[in-house]
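Secondary and tertiary structure notes
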Amino acid sequence: RTLVEELEETAMLLDAAEVPPDVVMVNTRIECTVVAGGHTHQWTLVYPDEADYERGCLSVLSPAGFALLGARVGQIVECRPPSGVPVQYIVKRILFSPEQFS
């Protein structure tokens, strides 16, 4: 089974209006900080074909994007980037959510 198949089996589909405003979703721009070190990032979670790390567009299928998707403001998430060294991020705030304007 692929990761996508596993996700489809466990996913809960919600109408955008049902998602709390502090939840990170696709096309949400967030500010997060590396727990060890304090480096701050501003990223927009996007679909893989729109990913451009230099512009701050992080694929939801990247290790960090996958960990951040569905997280809430104040939550700490952990991912394992290609370096293999786990990184923890704390979601500081949502800077933009497309649901704010729908």
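A few points on the structure. (Residues numbered from 1 in each chain as written. Predicted model: local features only at pLDDT ≥ 70, side-chain atom pairs only at ≥ 80, totals over all residues. Heavy atoms only, no water.)

1. What about the sheet that holds strand β1 (residues 29–34)?
Adjacent strands of a sheet form backbone hydrogen bonds with each other and so pair up, either parallel or antiparallel. Spatially, β3-β2-β1-β5-β4 is the arrangement adopted by the five strands of the open sheet, whose pairing is mixed. Strand pairing shows two members of the sheet lacking a second neighbour, β3 (57–59) and β4 (76–79), which therefore form its edges. Strand-to-strand twist of the sheet, defined as the mean angle between neighbouring strand axes without regard to direction, takes the value 45 degrees. In the sheet, β1 pairs with strand β5 (residues 87–96) via six bridges, with the strands oriented antiparallel. Paired with I30 across the bridge in β5 is I94. (Pairing = 2+ DSSP bridges. Helix = DSSP H or I, 4+ residues; strand = E, 2+ residues; numbered from the N terminus. Axes fitted to C-alpha atoms, helices over the stretch in contact; angles between N-to-C directions.)

2. Structural notes on the side chain of S59
By secondary structure assignment, the location of S59 is in strand β3. Looking at S59, the relative accessible area reads 11%, which means it is buried. Polar side-chain contacts of S59 include one of 3.0 Å to the backbone nitrogen of L61. (Buried < 20%, exposed > 50% of the residue type's maximum accessible area, 1.4 Å probe, protein only. Polar contact = N/O pair within 3.5 Å; in protein donor to acceptor, adjacent residues only side chain to side chain.)

3. Examining the pairing of strand β2 (residues 40–46)
The element β2 is largely enclosed, with a buried count of five among its seven residues. Direction of pairing for β1 relative to β2: antiparallel, over a ladder of five bridges. By the bridge assignment for β2, I30 is matched with W43. With antiparallel pairing between neighbouring strands as the criterion, β1 and β2 make up a hairpin whose turn holds five residues, including G37 at a positive phi of roughly 120 degrees. Relative to β3, β2 runs parallel, the two being bridged by three bridges. Bridge pairing in β3 links L45 to L58.

4. Observations regarding the pattern of salt bridges
For the structure shown, the criterion picks out three salt bridges. Linking R72 and D22 is a salt bridge whose minimum nitrogen-to-oxygen distance equals 3.0 Å. You can see R72 sitting in the loop between α2 (63–68) and β4 and its partner D22 sitting in the loop between α1 (3–10) and β1, a full 50 residues away along the chain. Overall, the relative accessible area of 37% leaves R72 in the partly exposed class. Judged by relative accessible area, D22 falls into the partly exposed class, the value being 25%. Between R55 and D52 there is a salt bridge, with the nearest N and O atoms lying 3.2 Å from each other. The exposed category is assigned to R55, whose relative accessible area is 58%. Classification of D52 by relative accessible area gives partly exposed; the value is 29%. (Salt bridge = Lys/Arg side-chain N within 4 Å of Asp/Glu carboxyl O.)

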